[in-house]
Amino acid sequence: MYNKPLSFQKAKLLFAVAYSLPVILLFWFVTTFSVNVPFGDDWALVNFFDKIHSGTANFGDFFSQHNEHRILFPRIIFAVLAFSSKWNIKLEIYFIFLLALVNFVILYKIAASNWNQDNKVLFNLFNIIVCIVHFSLNQYENWLWGFQIAWLFINTCLILAIFILTVPKNLLPNIRLLLASLCCFIASFSSAHGLLSWVAILPSVYFLEGINKQKKIRILVWMGLFAFCVAIYSIGYEKPSHHPTTFFILQKPLIASQYFFTLIGFSLLKNTFPPVLTGLIILLVFSFFNLFSFTNQQSNFANKAAPWLSLSWFAILFASMTTVGRAGFGVEQATSSRYVTVSILLVISCLQLCGLWILYKYQEQGKKINIFSVFCLSFLISISIYISTDSIATGQSIWIQRKAGKNCLEIINYIDKSITNSPNNCLNFLFPDQFRIRELSTVLQKLEFRNFPQNINFITKAEKNNGYIDVPQTTKQPLNIRSSDALKLSGWAILPEGQEQPPIVLLSYGNSQSFFATGLVNLNRPDVVKALNSNLYNTSGWEANVSLKSIPRGETVIKAWVYDRTGQQFIKLNGEPKIKVVE
């Protein structure tokens, strides 16, 4: 590669492909595994949309808390996207993807502005790994959840503010400060950690051109604006009662420290290496570059490092804030995928600082440094590919569950209300409070955001075989079982070829036309594939462990059904095992 350099055009093509692959992989991921159904905190937006629709929404509805967050600007985005698409959640997810693209382009521009372009190979090697890390599938929770717009949006505000302060040298410093402060203001009212952007930006503010007196005045004004935003944010603020005490870090400092380092380390290597050790190494790298920059403020390196110091400060401040507010939930909570979107900024910053350091200290050694860099970056790329493979499996699991939840939500009028809080209720895939979902589904119907049919036909004898209840077997004698025990059922279920396959099996008893339990259709059934000669039915197996508390005492039969959305009908599977529920 070094003895026989590639031609300029071939090199450009090679780099273009390398930059494109992580983006294409992420686009495939969100297209394949995203589901158009409200999930988790999405349900908190339903009444907000209803107020907008009825014309009663006011500023307080946009400014009000969601947990500890003020999501004023994300609520504006949610409203625009929802009413322009009848709340197609996938549109929110594609918007998140767009924000990620914008963020990387701005990061690339910042890197290009302060990198020695004489070594384009090294520049592109570092930015390709930044691209891989930035679009990492390890952030699957944020990639597949529309409500998480705020996380990427705050990153956009932060990165744009850093760009404005450090790149367009033709703009007056005060103009750049004004534009950057606008970005930080928007970030502040997009989620709680958006307030941290003011403090994180300080290195970029400090290294703006000017004399010491000007620098001091700018920092004082900047911190005054920060205090102003905190004061506004605090108006009517109430700490969520279900969150841990903020004094937990003092009560359990070792657990809090483990939480902090795990949050940082999990962003890069996940479970490949101990996250605490990885986090400690990343923090040491961060500390070294900060110490060097502020003890050598007049150096060329310190000036070029300013944007990356701001980026890393934000991630460190976020990890600290999260540790104070969340460490009481346990160290395992630090591995939440949604945190990676912010903590990964620290990794990106350290990578860029390492690249600048190599140019600053060792650029004369050219070829040796390039070879060493290629080796190190290849190692990181291999780790990232491994993590992506694991995240794809997780993404598929999320897709299966949310498809089941979407199917269940559509037929909510046929889910037995007596099992509202039962673990056998498929609405659990969307939100833990089933009573709340039932209440909000009527609002969605009124807004015409979702349709919940009420006259679905029950087909007991279909033209084609749609599946079986294999266990327990259908016999003349009923299976005696106590109401306190669980009943295990399994079998297979399909819809005719060409249709979308059923994500769940619905279980009823006797002649009831409502369902007391469900089972996921996601188990491998090679026998069904062979018998029906179609790979479409590869995962047609299902299994369910159901509670019998909602079934009347005495003898009855269990029936299994699949929901045919196209034909608006429930189709019964073969087999009707008899059971006798006893005390």
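Preceding this section is the structure that the text describes.
About the cut-offs
Residues numbered from 1 in each chain as written. Predicted model: local features only at pLDDT ≥ 70, side-chain atom pairs only at ≥ 80, totals over all residues. Heavy atoms only, no water. Helix = DSSP H or I, 4+ residues; strand = E, 2+ residues; numbered from the N terminus. Buried < 20%, exposed > 50% of the residue type's maximum accessible area, 1.4 Å probe, protein only. Contact = heavy atoms within 4.5 Å. Areas by Shrake-Rupley, 256 points an atom, 1.4 Å probe, with all protein chains shown as cover. Axes fitted to C-alpha atoms, helices over the stretch in contact; angles between N-to-C directions. Parallel < 35°, antiparallel > 145°, perpendicular 65-115°, else oblique. Left-handed = near helix turned anticlockwise from the far one by under 90°. Nonpolar A, V, L, I, M, F, W, Y, C, P; charged D, E, K, R; others polar. Core = buried A, V, L, I, M, F, W, Y, C linked by side-chain atoms within 4.5 Å. Salt bridge = Lys/Arg side-chain N within 4 Å of Asp/Glu carboxyl O. Pairing = 2+ DSSP bridges.

Engineer: Give a description of the overall build of the chain that names residues and reports values.
Structural biologist: When helices and strands are tallied, the chain shows 20 helices and 12 strands. Along the three orthogonal principal directions, the C-alpha set of the chain runs to about 90 × 60 × 45 Å. Looking at the 583 residues of the chain, the share that counts as buried comes to 54%. Here the contacts in the chain between residues at least 6 apart in sequence split such that 74% fall between residues at least 24 apart. Just so you have it, the chain exposes about 26,600 Å², and 61% of that area is on carbon and sulfur atoms.

Engineer: Summarise the packing of helix 5 (residues 89–113) against helix 6 (residues 120–134); cite the residues concerned and give the values.
Structural biologist: Orientation of helix 5 relative to helix 6, taken along the N-to-C sense of each, is 155°, at an axis distance of 11 Å. It follows from the interaxial angle that helix 5 and helix 6 lie roughly antiparallel. Crossing of helix 5 against helix 6: the hand is right-handed. Residues A100, N103, F104, L107, Y108, A111 and A112 of helix 5 touch helix 6, and the partners they reach there are F123, N124, N127, V130, C131 and H134. Tallied by class, residues from the contact of helix 5 with helix 6 come to nine nonpolar, four polar and no charged.

Engineer: How would you sum up the nonpolar core? Please name residues and give values.
Structural biologist: By size, the foremost hydrophobic cluster in this structure holds 153 residues, and its most contacted members are F49, W87, I201, W222, L311, L409 and F570. The residues contacting L409, other than those within four sequence positions of it, are V37, P38, W43, L427, L430, I437 and F452. Core analysis: the next-biggest nonpolar cluster, separate from the first, contains 24 residues, I481, L487, L507 and A560 among them.

Engineer: Lay out the pattern of salt bridges with the relevant residues and their values.
Structural biologist: Applying the stated criterion across every chain, the model contains 13 salt bridges. Its salt-bridge partner being K51, residue D61 comes within 2.9 Å of it at the nearest N-O pair. You can see D61 sitting in helix 3 (residues 59–63) and its partner K51 sitting in helix 2 (residues 46–54), a full 10 residues away along the chain. With a relative accessible area of 13%, D61 lands in the buried category. Since its relative accessible area comes to 36%, K51 is described here as partly exposed. The closest approach of N and O atoms between D527 and R525, which form a salt bridge, is 2.8 Å. Given the relative accessible area of 42%, D527 is considered partly exposed. What you see here is one network of salt bridges that share partners, running through D470, R525 and D527.

Engineer: Describe the pairing of strand 12 (residues 578–582), listing the residues and the values that go with them.
Structural biologist: Only one face of strand 12 is buried: it carries I579 and V581, and the other face, with K578, K580 and V582, is open. Relative to strand 12, strand 5 (residues 479–482) is paired through four bridges, and the arrangement is parallel. Bridge assignment links N480 to a residue of strand 12, and that residue is K580.

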